[in-house]
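Residues per chain, in single letters:
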Amino acid sequence: MAAAIDWHAQAKGLEFRSQAFIGGKYVAAASGETFENISPIDGKVLARVASCDREDIDRAVMAGRAAFNKGTWANAAPKQRKRTLQKLAELIVKHADELALLETLDMGKPIGFARSVDLNSVAETVRWYAEAIDKVYDEIAPTAKNALGLITREPLGVVAAVVPWNFPLLMAAWKFGPALAAGNSLVLKPAEQSPLSAIRVAELAAEAGIPEGVFNVVPGFGETAGQAIGRHMDIDAVAFTGSTEVGKYFLKYSGESNMKIVSLECGGKTPNIVFADAPNLDGAAQGAASGIFFNSGQVCVAASRLLIEERIHDEFVEKVKNIAANFQPGDPLATGTMMGSMVDRSQMDRVLSYVEKGRKDGATLTVGGKQARKDTGGYYVEPTIFDNVANDMTIAREEIFGPVLSTITFKDMDDAIRIANDTIYGLQASLWTNDLTKAHKVARALRAGTVLVNNVDGGGIEMPFGGYKQSGFGRDKSLHALEKYTQLKSTYITFG
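Nothing here was measured: the structure is a model prediction, and the numbers come from that model.

Draft legend 1. Geometry of the nonpolar core. If you look at the biggest cluster of nonpolar residues, it comprises 94 residues, and the most contacted ones within it are Leu85, Leu88, Phe176, Phe215 and Phe316. Among the elements that make up this core, the one with the highest residue count is helix H6 (residues 168-181) (nine residues). Once residues within four sequence positions are removed from consideration, Leu88 is found in contact with Val126, Phe176, Leu204, Ala205, Ala208 and Ile210. In terms of nonpolar packing, the next biggest core, distinct from the first, is built from 31 residues, Val355, Ile419, Leu431 and Val442 among them.

Draft legend 2. Layout of the sheet that holds strand S21 (residues 450-453). Spatially, seven strands are ordered S14-S17-S18-S13-S12-S20-S21 in an open sheet, and the strand pairing comes out mixed. With one partner strand each, in any of the chains shown, strand S14 (364-367) and S21 form the two edges of the open sheet. The average undirected angle you get between the axes of adjacent strands in this sheet is 25°. Relative to strand S13 (residues 305-309), helix H11 (residues 313-324) is tilted by about 140°, and along the sheet it contacts strand S12 (271-274), S13, S14, strand S17 (384-387) and strand S18 (404-410).

Draft legend 3. Up close: helix H8 (residues 222-231). Taken together, the buried positions of H8 are occupied by Ala225, Gly226, Ala228, Ile229 and Gly230. Against the buried residues of H8 lie helix H2 (54-70), strand S7 (158-162), strand S8 (185-189), strand S10 (237-241) and helix H9 (244-256).

Draft legend 4. Focus on the packing of aromatic side chains. Scanning all chains against the criterion turns up 13 aromatic pairs. Between Trp128 and Tyr129 the ring centres are 5.1 Å apart and the planes differ by 80°, which places this aromatic pair in the edge-to-face class. Residue Trp128 is classed as partly exposed on the basis of its relative accessible area of 25%. One aromatic cluster is present, built from ring pairs that chain together Phe240, Tyr249, Phe250 and Tyr253. For Arg373, the ring lying beneath its charged end belongs to Tyr380, and the centroid distance is 4.7 Å.

Draft legend 5. The arrangement of the pairing of S10 in detail. The buried fraction of S10 amounts to five of the five residues, a majority that puts the element mostly inside the structure. Side-chain alternation along S10 places Ala237, Ala239 and Thr241 on one buried face and Val238 and Phe240 on a second face that is also buried. With four bridges connecting them, S7 and S10 associate as parallel partners. From the neighbouring strand, Val162 faces S10, where its bridge partner is Phe240. Tracing the backbone out of S10, into H9 and back to the parallel element strand S11 (residues 261-265) gives a crossover that is right-handed.

Draft legend 6. Structural context of the sheet that holds strand S24 (residues 486-494). Spatial strand order, S5-S6-S24: three strands in an open sheet with antiparallel pairing. Unpaired on one side and paired on the other, strand S5 (139-141) and S24 mark the two borders of the sheet. Sheet twist, expressed as the average angle between the axes of neighbouring strands with direction ignored, equals 25°. Across three bridges, S5 lies against strand S6 (residues 147-155) in antiparallel orientation. Each residue of the ladder has a partner; that of Glu139, found in S6, is Ile151.

Draft legend 7. How the structure looks around the packing of helix H3 (residues 78-94) against helix H5 (residues 111-132). The geometry of H3 relative to H5 is characterised by a closest axis approach of 8 Å and an angle of 170° between their N-to-C directions. What the angle tells us is that H3 and H5 run roughly antiparallel. Facing Lys82, Leu85, Gln86, Leu88, Ala89, Ile92 and Val93 of H3, the residues of H5 in contact are Leu119, Val122, Ala123, Val126, Arg127, Ala130 and Glu131. Residues belonging to the contact of H3 with H5 are distributed by class as follows: 10 nonpolar, one polar and three charged.

Draft legend 8. Region of interest: the side chain of Lys484. Tracing the backbone shows Lys484 in the loop between strand S23 (472-473) and S24. Once you skip the residues sitting within four places of it in the chain, Lys484 turns out to touch Leu156, Ala239, Ser263, Gly474, Arg475 and Asp476.

Draft legend 9. Seen up close, a nonpolar patch on the surface. A surface patch of nonpolar side chains, about 360 Å² in accessible area, is lined by Ile140, Leu148, Ile493 and Phe495. Along the chain, Ile493 falls in strand S24. On the basis of relative accessible area, Ile493 is assigned to the partly exposed category, the value being 34%.

Draft legend 10. Summary view of H6. With 14 residues, H6 extends 20 Å between its outermost C-alpha atoms, agreeing within 8% with the 20 Å of an ideal straight helix rising 1.5 Å per residue. In the structure, H6 departs most strongly from a straight axis at Trp174, where the bend amounts to approximately 25° and where the proline Pro178 lies between one and four residues downstream. Where burial is concerned, most of H6 is hidden: 14 out of the 14 residues are buried. Residue Gly183 follows H6 closely and has a positive phi angle near 105°.

Draft legend 11. Structural context of the packing of helix H10 (residues 281-293) against H11. For the pair H10 and H11, the least separation of the axes is 9 Å and the interaxial angle reads 55°. Comparing the axis directions of H10 and H11 gives the class oblique. Seen from above, H10 lies across H11 with right-handed handedness. Along the contact surface, H10 presents Leu281, Asp282, Ala284, Ala285, Gln286, Ala288, Ala289 and Phe293, while H11 presents Glu315, Phe316, Lys319, Val320, Ile323 and Ala324. Here the residues of the contact of H10 with H11 are counted per class, giving 10 nonpolar, one polar and three charged.

Conventions used here
Residues numbered from 1 in each chain as written. Predicted model: local features only at pLDDT ≥ 70, side-chain atom pairs only at ≥ 80, totals over all residues. Heavy atoms only, no water. Core = buried A, V, L, I, M, F, W, Y, C linked by side-chain atoms within 4.5 Å. Buried < 20%, exposed > 50% of the residue type's maximum accessible area, 1.4 Å probe, protein only. Helix = DSSP H or I, 4+ residues; strand = E, 2+ residues; numbered from the N terminus. Contact = heavy atoms within 4.5 Å. Pairing = 2+ DSSP bridges. Axes fitted to C-alpha atoms, helices over the stretch in contact; angles between N-to-C directions. Phe/Tyr/Trp six-rings, centres within 6.5 Å; stacked < 30°, edge-to-face > 60°. Lys NZ or Arg CZ within 6 Å of the ring centre and 35° of its normal. Right-handed = clockwise from strand over helix to strand, strands pointing away. Parallel < 35°, antiparallel > 145°, perpendicular 65-115°, else oblique. Nonpolar A, V, L, I, M, F, W, Y, C, P; charged D, E, K, R; others polar. Patch = residues over 30% accessible without salt bridge, like charges linked within 9 Å, V, L, I, M, F, W, Y side chains within 5 Å. Areas by Shrake-Rupley, 256 points an atom, 1.4 Å probe, with all protein chains shown as cover. Salt bridge = Lys/Arg side-chain N within 4 Å of Asp/Glu carboxyl O. Expected span 1.5 Å × (residues − 1). Bend = angle between axes of the 7 residues up to and from the residue. Left-handed = near helix turned anticlockwise from the far one by under 90°.

Next comes the structure, spelled out in structure tokens:
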């Protein structure tokens, strides 16, 4: 059996790449400006990271456009791009410990999850799209005998990916995997809270053989680097994951610039519906707890609204409260930790402010609600459960993005559907029942891009992911993601 890794010791010897990666090499921001990258584990500075702005975005886009026009990547044989992305997946696996440690230090998630969940999924994503490259066919349209109708997919050109801090490298891979597979050049802007793994993976992409200019990483702030991306006249598409508020800015930027394609995966307020005939109430309770406390609730599909059929309400809430004790915040670098920190102080303060709103609105705080581990200097919040929540309360309406669960009682199936759909969001929903007919009826009625039955985290890279309503549009994952990064061309040839 392999010896357990001493993650604290590994962290002490870790080197941080902190510059932008443009045109195949690491460079400082044109302004020379940097920003402090602070670990939420203990509030200490990890590195000073290049603070990119408009000039840096211009440089990255120019590098991407030059590489695209040259065609070394865009026009490469499918098998060649496939082998290169497979090599990148191998390098991610080889450096998975390092990348996972960067993510834990950067945003405070437990190292066990960062290593075994996130990084495994990153490698799987890259490998999956590599395998898809030479297996996706173009089409021939039905025509008369003296004509040929070709329907082909072509890469867009220069694609920008703007990704969040909660799953830094995985959300990036969901975008750069299919974007690169399609033959595009990439400009990747990681969140300013968690830039380190994206900066490092750019070097691995170059080592794998991705040509200079095809994979660029520009760390910086949303109001500077992000806005410059949104307004850039030579970016063909932006793929964004983040808040609904910021997603709307990218729609505005597109209209004010070159009408670039925009795809959005935005906020959520996931309903998790537990019927009295759930096949296993203990399993449903475990799902309810992990669905909100995993990653400290910093998940766009966090199951933050727990809808419970009234005749099992008291029993079920008690089960979830008991399980919540297992998610007390702990040292993110300890392998047994189930819940780590908030990403930064402002997020911790935001979550605690929602706790106060819940109290003032009349919900019953039954578990948690306070800052934890104050002596560490880090930013931790206890697992928190509110009971007697009405669906019109602020904590049931707005995305908190923290470990705060709202329990809501419903009477019957129609009441559950009404409450579940009474939200501006539509990213994901879960339901628990042993009745197959009920499962189908409720799943069809729920206005959400993903509906999970008897689980809160089902489906892998083969399943498309995206939202309804103000949760955005466009799909990550699956072959459908390739649609965001390609244009359809119709060619009609007559002869004879």
